[in-house]
Structure formats: structure tokens, C-alpha cells
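Notes for the structure review
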Amino acid sequence: MANRFPDPHQRGALLQGATAVLAVVAVVVALVQGAVLTAAVAAVVAALVGLEVRRRGQVTLTAPELDRLREAELALARATDTHEAARELAEHAIALLGARSAVVLIEGIGDTVRVAAGPTATEDVYGSGSRMRLLDDAGLPCGSIAVSARADGRPYAARHERILDALAERVSTTLHQLSLLTDVSTERRTLADLVGSSSDGIFSVASDLRVRAWNPAMEAITGVPADLAVGEHVSQSFRPTAENGEPATGSADPGRAGRPVTGVVLQIEAGGEERWLTCSYAPLSDGGYVAVARDETARKKLQDDKDGWIAQVSHELRTPLTPIKGFLHTLARRDAELTTEDRARIYEIMIREEHRLEALVDSLLRSTQLDASGMVVERTEVDWADRVLEQVELVRRQDPSRTITLDVDPDAGPVLADEGLAVGVLTNLLSNALKYAEGDGAVEVVVEADGDELITSVIDHGPGIPRSDRTRVFDKFTRLGNHLTRAQQGVGLGLHIAKQSIERLDGRIWVDETPGGGATFRFTLPRTERSRRRSPLRAPGSPRTRS
């Protein structure tokens, strides 16, 4: 049920009005009738009403006090933070109440604030004769103001209590406003943190197509710093093209559609590289728009690699399968007509192609295991000079027409490696060198100690590898130059496997140009502790073991 009675201030005003009316009526009656009793009754009524007014706390403030309260209210309304509001409250409380000191405590609105004013604030604001009021934020306690006893020693009167109440009410209103501002600022900071830490590029554009916000991810994607993008026309920093190559700026800007647009695939040039983005646009109420751009370059490259890999593997699988299939059909249809020599030749070709097919499958499996770190590496002490000599002798026996020289540092010593992985790298590099050397050109293998490492070099005198491609040549499915696009090159996994293998063995692999033309592939393996201790510094030109 609603309260039918007015609040204390309204009740006081009504009582004061009633007192005045009764007094006037009583005086008029007394004058007209000359009744002394009536005048006496009026005086008693007036006294009782005045007592009731005082009992209910209705206090009339002086004009200077009201002016100072208005000044305090204006000062508190101008406060931009809780510290300033606390300071204004403490200073005005001292001035209005004549207190020696005041202490204001505010908490729960941003950081906790404690402001002390006056020379004895820490001593007597809670002592005898002091006063305190609680402060609130929309009804929730959020602090207090405490004032010491008055400087003139006189006790606080009713008007002083009313002034302190008024100050507390006014600062509570200010604190509520500051609380709302703090909440808004907190939300803005949270939003800014989210946008700033997003891996997706986010930018907003005003109705005049000037950039208003540009997060760090957009800086990384486009290579354009925020201080250069913000305030400029969006086309100055973001000039995408659609998948069909048409510009997606100006009237074709998806953000100008006036409705949400999602999943737009766009292409940009950034830092001399092509980047692919998936963008979503949403209109803003002021006519601008906000856009979210996800960099899909790596995923698209992976998809392109996958598509290329499938095509290459399909081709390479078909290459050995075709003759095997053809000869099987021949044997099935004409077996009786074939001579022993014909069948022997067919079997030889089929076995060779089967070996080729098996090597391809093995390469695919090994690459997958190395990329996924699924291969177990067992490091043991390996006499690397002996292993290299074995592989060179094996190649010599397989193709006596080729010239392969071996130069081994006598201080090479053993290495710590997985023998299977390390020998596989050497075999791959020897096969490439023999494949790409001009005609029957010679291939050189050099093993030399270099501090804590053993460096193995495989040198050919073929067409070489351009400097710009010497890093990319180790990428998966990569074929470079005409000499790398020959039919026998395969799917481009050999050097990728070699790099992954050497890195799993804590080594390095790279390619240099061979003096006079050709390519020199080098890789390192860590030497054992025993090998490093026994290896003195070798003087330039000292003899090596050659074969």
C-alpha cells in the first residue's frame, strides 16, 4: 500500500503553514472578541506545532550555507573520478561545518580511495564530538565521511547535522554517476582488449568511409600500422580484390551493402606477398560498418599443396602401375607365344617398377611420420666415415660407369645419430647428385670435422639451384627448375624428408653453389664427446683419406 503521509520535509512545511494560519486566526478572533483565552490557546497551539517541527528535524539554513551547499553540489558534479569527489567532499565538509579535519573513504567504485583533509585527520575524526555518515551508490553502501569535532569547540547543531546529510546525499548522486562511468569504461577496456588480442583482423569504418578503428591483427595482415590507417579513407589501407580478380573497393565494397555480408573471399597484396582473407561485414547505425577479416593464406596454401600432392601422387602411382598392368595383360593373353628371354625381360621391368612403387609409398609414409613426430629416433654412436664409405661403394657397384670420389677427414670420428635416418639422408643426396649431374659427370663426397659437428657434403656439377630457391627446395612437394621437373624426380618429397630427418637429429642441412656450376648439399651431425676430445685443430692443407 502506498504511504499516505508526506516525507519529513513535507510534513515540516505543512506544520509551519498550519502554525501560521492558526496564529493569524487566533489573533483575529482575539481582536474581534477581545477574548484573552482565545489568544492563550493560539499561543499554546503555536508552541506545540513549533516543538513538533523541531522534533522532526526541519531546520532552516542560512543563505550563506545554502550558497556553499550549491557550490559543493556543483564541485561534486564536476568530479571526474572518485578521488576528486572525495577531496571535494572533505574540503567542503570542513568549510561548512567548521570541523578541524575530515576523512572520506570510497570503495567498490574502481580502486579504493581514502582522502584525509585537515591537520589532525588521522587523530580525531573518529574521536569525541566527531560525526560520520555512510555513502551509497543507488542504495548500496560504498564508503563513508567522518568529520572531527568543530574547531571552535562548540557542539554540532541541528543545522550542521542537516548540512552533513545534504553533503552525503549530493556525493552519493555523484558516486552513482561515477560508478556508471566506471562500468562503461571497464566494458570499453574489455572490448578493446578482446579486439586487440583477436587473431582475426577487425576494423570499423565511418559513413564517410574513413577508418575509425584498426586492430593489431589488421596491422599484421596488411602490414599497415594503425596510426597510418585510422582517419584515412579505407581504400588507402585495404584494397582487396574478389576471387574473380575484380576490385572490391568503392561501390563494390561489401561493407556498403547496408546489410550483413558473411563469408566473402578476398585477396590482397601485403609485403609483396599474396594473402587470402575470408571477410564478414556488418552495418552500423551511423551508416558505417565493421569488418572482420580472417587470414586464410596458410589454409589455402595447405589446400593447394594437398590438391597438388594428390595430383602428383596419382601421376607417380600411375607411372609404375601402367607398365605393370600392361605386361600382366600381355602375359595373360600371349604367355605361350613368349620366349624365355621375353618373359625374363618383362619380369625384370615389372620388378623394377614394383621397387619404384614401393619406394614412393615408403617416402610418403616416412614424410607423414616425420611431420607428425611419430617416428621414434634412437641415437647411438655411429662410425660415420665407415657408413659413408659403404654407401659410396654400393653406388659404385650399381653403376660402375659413374665416377664418385670420397674425401674423409682423418679426425672425423663417430657421431651421435639414428643410423637409419642419417644414412637415408646421404642416400637421397647421392641419388639426386647422380641424377642431376651433367651426362656421366663426377660426384664428390666430402666428410670433415668442424668443432662439435661433422659436415658431410655431396657435390655435383649439374645445372645447380638458383639462389632464390635454395631455401624453398626443402619444402614438401617442391620441384624447382627444369632439372627438377624430369619424370624421374617423383613427388618432391626427398629433400623435405632429408631436412626433417636432419633436424630430428639436431643437425642442419643447406645447399650452396658448386664452384664452376652445380649444387653442393651439406648437412651436419653432432659428434660424440669422445670424438670431440681427440680431434686436434687440423692445419690447412693437411692430408685426408681419399678413395
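Numbers given to residues run from 1 along each chain, matching the order in which its sequence is written. Local features in this predicted model are restricted to residues of pLDDT 70 or higher, and side-chain atom pairs are both shown and tallied only at a pLDDT of 80 or more, whereas totals for entire chains, interfaces and linings draw on every residue. Only heavy atoms go into the side-chain values, all of them from the structure, while hydrogens and water stay out.

**Let's talk about the overall build of the protein**
Short version of the rule: For the purposes of this entry, the term helix denotes a DSSP run of H or I that reaches at least four residues, the term strand denotes a run of E that reaches at least two, and both are numbered from the N terminus. Partly exposed residues are those whose accessible area sits between 20% and 50% of the maximum for their type, while under 20% is buried and over 50% is exposed, using a 1.4 Å probe and protein chains only. We call two residues in contact when some of their heavy atoms are within 4.5 Å. Per-residue accessibility takes into account occlusion by the displayed protein chains alone, with areas from the Shrake-Rupley method and a 1.4 Å probe.
Scanning the protein for helices and strands turns up 15 helices and 18 strands. Looking at the 547 residues of the protein, the share that counts as buried comes to 39%. In the protein, once contacts between residues fewer than 6 apart in sequence are set aside, the share between residues at least 24 apart is 59%. Carbon and sulfur atoms make up 55% of the accessible area of the protein, which amounts to about 30500 Å² in all.

**Observations concerning the packing of helix α3 (residues 63-78) against helix α6 (residues 158-197)**
The condition is simple: To obtain an axis, a line is fitted to C-alpha atoms, over the contacting stretch when the element is a helix, and the angle between two such axes runs from 0 to 180 degrees between their N-to-C directions. Note that the term roughly parallel is reserved for angles under 35 degrees, roughly antiparallel for angles over 145, roughly perpendicular for angles of 65 to 115, and oblique for everything else. Here is the rule for handedness: rotate from the far helix to the near one, and if that takes an anticlockwise turn smaller than a right angle the crossing is left-handed, while a clockwise turn gives right-handed. Throughout, the ten residues Ala, Val, Leu, Ile, Met, Phe, Trp, Tyr, Cys and Pro are labelled nonpolar, Asp, Glu, Lys and Arg are labelled charged, and all others, Gly among them, are labelled polar.
Between α3 and α6, the shortest axis-to-axis distance is 9 Å and the interhelical angle comes to 20 degrees. When the interaxial angle is binned, α3 and α6 end up roughly parallel. Helix-helix and strand crossings are classified by hand; for α3 and α6 the assignment is right-handed. Residue-level inspection shows E65, L69, A72, E73, L76 and A77 of α3 in contact with α6, the latter providing R159, I163, A166, L167, R170, V171 and T174. Residue composition of the contact of α3 with α6, by class: 8 nonpolar, 1 polar and 4 charged.

**Structural notes on the pattern of salt bridges**
Our working rule: Salt bridge, as applied in this entry: a Lys or Arg side-chain nitrogen positioned within 4 Å of an Asp or Glu carboxyl oxygen.
Applying the stated criterion to the full structure yields 24 salt bridges. For the salt bridge of R87 with E88, the shortest nitrogen-to-oxygen distance reads 3.8 Å. On the basis of relative accessibility, which here comes to 30%, the residue R87 falls in the partly exposed class. The partner of D200 in a salt bridge is R294, and the shortest N-O contact between them spans 2.8 Å. Placement of D200 in the loop between α6 and β5 (201-205) and of R294 in strand β10 (residues 289-295) is noted, with a sequence separation of 94 residues between them.

**Quick word on the sheet that holds strand β3 (residues 131-137)**
Note the cut-off: For two strands to be treated as a pair, DSSP must find at least two bridges joining them.
Judged by pairing direction, the sheet is antiparallel, and its 4 strands sit side by side in the order β2-β1-β4-β3 without closing on themselves. The sheet terminates laterally at β2 (113-117) and β3, the two strands that pair on one side only. Across the sheet, the mean angle separating the axes of adjacent strands is 15 degrees when strand polarity is ignored. Across 7 bridges, β3 lies against strand β4 (residues 140-147) in antiparallel orientation. Paired with D137 across the bridge in β4 is L140. Packed on one face of the sheet, helix α4 (residues 82-97) meets β1 (102-106), β2, β3 and β4 and runs near 30 degrees to β2. Here α6 sits on the sheet in contact with β1, β3 and β4, set at roughly 25 degrees to β3.

**Details of unusual backbone geometry**
Notably, A138 is not glycine yet its phi reads approximately 55 degrees, a positive angle. Along the polypeptide, A138 turns up in the loop between β3 and β4. Judged by relative accessible area, which is 58%, A138 ranks as exposed. Phi is positive for D506, which is not a glycine, with a value near 65 degrees.

**Considerations on the packing of aromatic side chains**
Operational definition: Two aromatic rings from Phe, Tyr or Trp, using only the six-membered ring of Trp, form a pair when their centres are within 6.5 Å; if the ring planes differ by under 30 degrees the pair is stacked, by over 60 it is edge-to-face, and anything between is tilted. For a Lys NZ or an Arg CZ to count as sitting over a ring, it must be within 6 Å of the ring centre and within 35 degrees of the ring normal.
Here the structure, examined in full by the defined rule, presents 6 aromatic pairs. Geometrically, the ring pair formed by F203 and F238 is tilted, given 5.3 Å between the ring centres and 55 degrees between the ring planes. Pair noted here: F203 is in strand β5 and F238 is in the loop between α9 (234-237) and β7 (241-242), with a separation of 35 residues, a long-range link. Look at F203 and you get buried, because its relative accessible area is 1%. A relative accessible area of 5% places F238 in the buried class. Centroid distance F474 to F521: 6.1 Å. Interplanar angle 85 degrees. Geometry classified as edge-to-face. Remark: F521 occurs in strand β17 (residues 519-526) and F474 occurs in the loop between β15 (453-459) and α14 (494-504); sequence separation between them is 47 residues. Among the aromatic residues, ring-to-ring pairing joins F203, W214, F238, Y281 and Y289 into one connected group. The ring of W276 is capped by K300, whose NZ or CZ atom sits 4.7 Å from the centre of that ring.

**Considering the confidence of the model for the protein**
Defined as follows: Confidence of the predictor at the level of single residues is captured by pLDDT, which takes values from 0 to 100.
Across the protein, the average pLDDT comes to 79, with 78% of residues at 70 or higher. Contacts of residues 23-57 to residues separated by more than four positions or lying in other chains number 19 contacts, the stretch itself having pLDDT below 50. Predicted confidence for residues 482-488 stays below pLDDT 50, and this span has 14 contacts to residues more than four positions away or in other chains.

**Details of the nonpolar core**
Where we set the bar: Here the nonpolar core consists of buried residues drawn from Ala, Val, Leu, Ile, Met, Phe, Trp, Tyr and Cys, with membership extended through side-chain atoms lying within 4.5 Å.
Of all hydrophobic cores here, the largest spans 40 residues; its most connected members are W384, V388, F521, F523 and L525. When near neighbours in sequence (up to four residues on either side) are disregarded, W384 contacts G413, V415, A422, V423, L426, V447, L454, T456, F523 and L525. Formed by 33 residues, the second largest nonpolar core is a distinct cluster that contains V104, V147, L167 and L175.

**Quick word on the sheet that holds β10**
As summarised here, the arrangement of the 6 strands in space is β6-β5-β10-β9-β8-β7, forming an open sheet in which the pairing is antiparallel. What marks the edges here is a single partner per strand, and that holds for β6 (211-214) and β7. Summarising the sheet, strand β8 (residues 261-270) and strand β9 (residues 273-283) pair through 8 bridges and their orientation is antiparallel. By the bridge assignment, Q267 is partnered in β9 with W276.

**Re the pairing of β1**
Among the 5 residues in β1, 4 count as buried, and that is most of the element. Count of turn residues in the β1/β2 antiparallel hairpin: 6 residues, of which G108 carries a positive phi of about 90 degrees. As paired elements, β1 and β4 share 5 bridges and run antiparallel to each other. Its bridge partner being in β4, I106 is matched across the sheet by G143.

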